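# Results of the structural survey
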Amino acid sequence: DVFRKAILHPGPPQDFALETVQQVIKPQKQMKLVQDENQLLENILRTLLQELVSAAVESGEEIMQYGQLIADEDIRQGQIPRLLDIVLYLCEKEHIEGGMIFQLLEDLTEMSTMRNCKDVFGYIEGKQDILGKPELFSRGKLVMLRTCNQLLRRLSKANDVVFCGRIIMFLAHFFPLSERSAVNIKGVFNTSNETKYEKEAPDGSSIDFNFYKTFWSLQEFFSNPASLTPALTKWLKFTTSLTVVLNTFEAQPLSDEEGNAINLQDEASNFSIKYLTSSKLMGLELKDPSFRRHVLVQCLILFDYLKAPGKNDKDLPSDTMKEEIKACEERVKKLLEMIPPKGKDFLHSIEHILERERNWVWWKRDGCPPFEKQPLEKKLAQDGGKRRRPRWRLGNKELSQLWKWADQNPNALTDPQRIGTPDIMDYWKTLADDMDESAGIEPEYHHKNNRVYCWKGLRFSARQDLEGFSRFTEHGIEGVVPLELLPNEARSKYHAKPATDRTKRAKKEETKGGGSTQQAEETQIATPASEEADIEGSRIDPEAASVAPMDTDNVMIESGNLSPNETTPDEQQKQNSDTEAGQIEADNEAEPGMVDGDIDAEPDLDHVVA
């Protein structure tokens, strides 16, 4: 009774709506109802709405005009729209639950006839901006979708075309563009839309009945294009029937007079969703430009679907089908240009529409990503200048973090369980597996292409396997791999030579029995300071020793204070050759240590271990 009196109040809802709710419910909070209070209010409003609809039906009035008063050029709303306005205001201001207005609209459409539903839907269209606000849309979008779908099921697709279009257009505007509930993700076709035509020729028929059946049989393929690609027989039947129809259109072109005889405005006003399929009308329909255009546009839509991306390999057309599609498509476009009036303009419009449709196909194939872009956060510029790159203590972020981590963990380097130098056999095992042809590893995935891996391996070999390291000059990185790890067929390729020039030279010098060797030995015994120098010299970095192995002659000359004049010319020439060989080997070792033209600055591992 309180709400009945409120409906008759002449003022706007904001003047009395909240007070009415507080008077009826007496809520715990003055401005907002809790869950139980919302449920109680919803039951009261739904009961009141049902009573108003019953009263309108008994009085014989339209439900949206029931209780409407017209006096002194002042039109007062009907009682039901007035009730809906009050509830809508309360939902908008969040005094009551936001989905309550959607529930009342659904109840109202279910209690109304289709004639009254047009007026109810007119009210919904008028309040679309308010119903689409985020605080209301999130609460009632599913209820509104269910309401519209129920209306579409009740309407006739042939007689209520305009009303169905209004509902679909409302849904398109009410829901966001990326709403997945409105998108046919799987691409399912409406195969229930059958085109029924005569199967047997009637008596006294003056048309080619075979052409009649061939023409209308195309609608079976147009309603389900997906059935053409898997079955070759269906595709052959379709192309045969389409060729017959296109040949007939080309043999019976329309003149300009026949095209201008059709008034496009009158045709639009008398538009029907389906054409009649009576055999008696076949001759007249073939002379209708719009009829021909509809059939040819159906062909372009089908061809566009078959060429569309995003389908599985089994659903894609074969090369032969692609050629046939291209040939038929060119014929259809030429026929559309020939149909008056304004055939070229019509074809241009259709091509534009199909191009837009391809964009939608790509969008659906990518999972319907949202079109709305979030606004970029505006960041204040620092002193109006460009932002400088951060400066790190050791050149880059990783080294700086490692140094900071070492400061916080001073015992990290002395920890006995920390990772040490790996064994040479374990390190080169991965490259040895790559060299095994039976493993079938492709060359681009071999570890020898990893420059860092090769550089580390050379360092380990220089300390643990000098014999293998010496093979790098002749055989490259694969020669450094220990022979024990290589397969039998590869060992002979990288096997060390029996004797080098340096060992031959050493044997030759031993046979000389020269006094220079004996003199050097005496000098070493007589000078302990030189011996200490030799001991200190033996503590050189192992890398230097691996780069240029010390020859016996050079050691004796340096430690024994021998003058170059005391050596023979042959020995002097051999010393020069040994010096050049050592320099070449040092250069060969330096090259793997360079990455992108920069010399690696890694500290010596001996000092790190220490």
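Note that the coordinates shown come from a computational prediction; the quantities given were computed from them, not determined experimentally. (Residues numbered from 1 in each chain as written. Predicted model: local features only at pLDDT ≥ 70, side-chain atom pairs only at ≥ 80, totals over all residues. Heavy atoms only, no water.)

## Quick word on the overall build of the protein
The helix and strand tally for the protein stands at 31 helices and 4 strands. Per-residue burial for the protein yields a buried fraction of 34% across its 610 residues. For the protein, the accessible area works out to roughly 40,100 Å², and carbon and sulfur atoms hold 52% of it. (Helix = DSSP H or I, 4+ residues; strand = E, 2+ residues; numbered from the N terminus. Buried < 20%, exposed > 50% of the residue type's maximum accessible area, 1.4 Å probe, protein only. Areas by Shrake-Rupley, 256 points an atom, 1.4 Å probe, with all protein chains shown as cover.)

## So, the confidence of the model for the protein
On average, residues of the protein score 76 in pLDDT, and 71% of them are at 70 or above. Below pLDDT 50 for its whole length, residues 379-383 participates in 0 contacts with residues either more than four positions away or in separate chains. Ignoring residues within four places in sequence, the model shows residues 496-507, a span with pLDDT below 50, making 10 contacts including any to other chains. (pLDDT = per-residue confidence, 0-100. Contact = heavy atoms within 4.5 Å.)

## A closer look at helix α21 (residues 451-464)
The end-to-end C-alpha separation of α21 is 20 Å, in line with the 20 Å expected for 14 residues at 1.5 Å each. Looking only at α21, the buried set comprises Tyr453, Cys454, Trp455, Gly457, Leu458, Arg459, Phe460, Ser461 and Ala462. Backbone nitrogen of Val452 and a side-chain oxygen of the N-cap are separated by 3.2 Å at the start of α21; the cap is Asn450. (Expected span 1.5 Å × (residues − 1). Polar contact = N/O pair within 3.5 Å; in protein donor to acceptor, adjacent residues only side chain to side chain.)

## Description of the packing of helix α8 (residues 134-154) against helix α9 (residues 161-174)
The axes of two packed helices give the description: the angle between them and the distance between them. For the pair α8 and α9, interaxial distance at closest approach is 10 Å and the crossing angle is 160°. One element, α8, and the other, α9, form an angle in the roughly antiparallel class. Between α8 and α9 lies a crossing whose hand is left-handed. Of the residues in α9, those in contact with Phe137, Met144, Leu145, Cys148, Leu151 and Leu152 of α8 are Cys164, Ile167, Ile168, Phe170, Leu171 and Phe174. (Axes fitted to C-alpha atoms, helices over the stretch in contact; angles between N-to-C directions. Parallel < 35°, antiparallel > 145°, perpendicular 65-115°, else oblique. Left-handed = near helix turned anticlockwise from the far one by under 90°.)

## Thoughts on a nonpolar patch on the surface
Residues Leu394, Leu399, Leu402, Trp403 and Trp405 make up a contiguous nonpolar surface patch of about 500 Å² in total accessible area. You can see Leu402 is positioned in helix α18 (residues 397-408). (Patch = residues over 30% accessible without salt bridge, like charges linked within 9 Å, V, L, I, M, F, W, Y side chains within 5 Å. Salt bridge = Lys/Arg side-chain N within 4 Å of Asp/Glu carboxyl O.)

## Here we look at the packing of helix α2 (residues 17-25) against helix α4 (residues 79-92)
Between α2 and α4, the shortest axis-to-axis distance is 10 Å and the interhelical angle comes to 90°. Relative to α4, α2 is oriented roughly perpendicular. Contact residues: α2 offers Ala17, Leu18 and Val21, while α4 offers Ile86, Tyr89 and Leu90. Residues belonging to the contact of α2 with α4 are distributed by class as follows: 6 nonpolar, no polar and no charged. (Nonpolar A, V, L, I, M, F, W, Y, C, P; charged D, E, K, R; others polar.)

## Concerning unusual backbone geometry
Between Pro340 and the following residue, Pro341, the backbone shows a cis peptide bond with an omega angle of -5°. Among the structural elements, Pro341 can be located in the loop between α16 (319-338) and α17 (343-365). In this structure, Glu94 is a non-glycine residue whose phi angle is positive, near 60°. Tracing the sequence through the fold places Glu94 in the loop between α4 and α5 (100-111).

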